[in-house]
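Observations on the model geometry
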Amino acid sequence: MVSWEECSKTQPRVVRLLKNSIRKQRLAHAYIFEGAHGTGKMATATVLAKTFLCRNSEDGNPCESCSNCKRITSGNHPDVHIIIPDGQNIKIDQIRGLQKEFAYSGMESSKKVYIIEHADKMTVQAANSLLKFLEEPGNDTIALLLTEQVHRLLDTIRSRAQTLTFSPLPPQGILEKLLQDDIPKPVAMLASSLTSDYAEALEICREEWFAQARAKVIQLTEDLRLRPDYCLVVLQDQYLSFFKEKDQLRLALNLLLIWYRDLLSIHLSNSENVVFFDQLQALEQQALHTSQKKTGEALQAILTAQARLRSNVSPLMVMEQLVLRLREG
Ligand SMILES: [Zn+2]
């Protein structure tokens, strides 16, 4: 069961704003919740609906025990309507159905809430039909339009609703959600330090290739440490043949950057920050044979390699230079 408290862990600003409006009885008639997938838009919409319909809400919190709260928790309150795309789109018939429902007064009171998920998927006809609905005066209705692509909503709809932006999750929040999705921790740790978009992180984790890339980069650090000359020899066959595309090589460099950041964390006795946590032993071994200063130089070398790659230097040349600089460390 979600609560304001739970929602404010990831969206403190949005929750503060909504609760203030509830306390002052100044809720808008329509909100647009916009933000990346997984940022808690639906959870927030549910708690807002519950607070709005609760019979005994106190200080902006739902009681969780009245019949309205209970029915919203179990997802079958007659005055809370959720619309989701029917196939690719939200069609005009779905909006008309909603209007029809709303023509009758509420079952419990006159209060009603409707939530439109992926509101950007409304067809033009559906959106125009909703627009008329939003323009109808007053009554105790709240419209909540959820979207990951707010720019796709009609301007006329946006101008009639208050837009609340849901921030991307912090790395820790993304990690927790990935673990809840049964992603193995080593991969989840890495993905959550690569992106602050939960959907993207999940996609990265689900690619078989990503786990292989991670293993490849770990292998590279071992080669650099134990067989630096051999490393240059096999650069093309072992590594560049795997990181074929530029995007793939860019990712490899990002992983390498994280590896050396981990190494720095170990030098600074912050091993709890280590992302490659299952490689702690290897990292500690490497830390024994290099200094903090050298590690800083290695990080700089990787950043330089990334810049050279961006300015179209050939991948082989970029990587050869990088390996030469890293093996000195
Ligand atoms: Zn209640």
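Residues numbered from 1 in each chain as written. Predicted model: local features only at pLDDT ≥ 70, side-chain atom pairs only at ≥ 80, totals over all residues. Heavy atoms only, no water.

An unreviewed UniProt entry lists the chain under the name DNA polymerase III subunit delta, with Fictibacillus nanhaiensis as the source organism.

1. Considerations on the environment of Ala305
Inspection of the secondary structure assignment puts Ala305 in helix H15 (residues 292-310). Residue Ala305 is classed as buried on the basis of its relative accessible area of 3%. Between the C-alpha atom of Ala305 and that of Arg250, which follows or precedes it by 55 residues, the distance is 9.4 Å. Once residues lying within four places of it in the same chain are set aside, the contact partners of Ala305 are Leu253, Val318 and Leu322. (Helix = DSSP H or I, 4+ residues; strand = E, 2+ residues; numbered from the N terminus. Buried < 20%, exposed > 50% of the residue type's maximum accessible area, 1.4 Å probe, protein only. Contact = heavy atoms within 4.5 Å.)

2. Some words on the domain arrangement of the chain
When its domains are assigned, the chain resolves into domain 1 (4-167) and domain 2 (207-327). Measuring from the centre of the C-alpha atoms in domain 1 to the corresponding centre in domain 2 gives 47 Å. (Domains from an automatic or database assignment.)

3. Comments concerning the coordination of the zinc ion
With distances of 2.3 Å, the protein atoms coordinating the zinc ion are Cys54 (SG), Cys63 (SG), Cys66 (SG) and Cys69 (SG). Seen from the zinc ion, its four donor atoms lie at angles of 102 to 120°, and the figure they make is tetrahedral. All donors of the zinc ion come from a single chain, and their spacing in sequence reads C-x8-C-x2-C-x2-C. With Cys54 in the loop between helix H3 (41-53) and helix H4 (67-73) and Cys66 in the loop between H3 and H4, this pair connects stretches of sequence that are 12 residues apart. In this structure, Cys54 and Cys66 share a single accessibility class: buried. (Donors = N, O, S within 2.8 Å, 3.2 Å for Na, K, Ca; no water. Tetrahedral: all angles 85-135°; square planar, octahedral: opposite > 155°, others 65-115°.)

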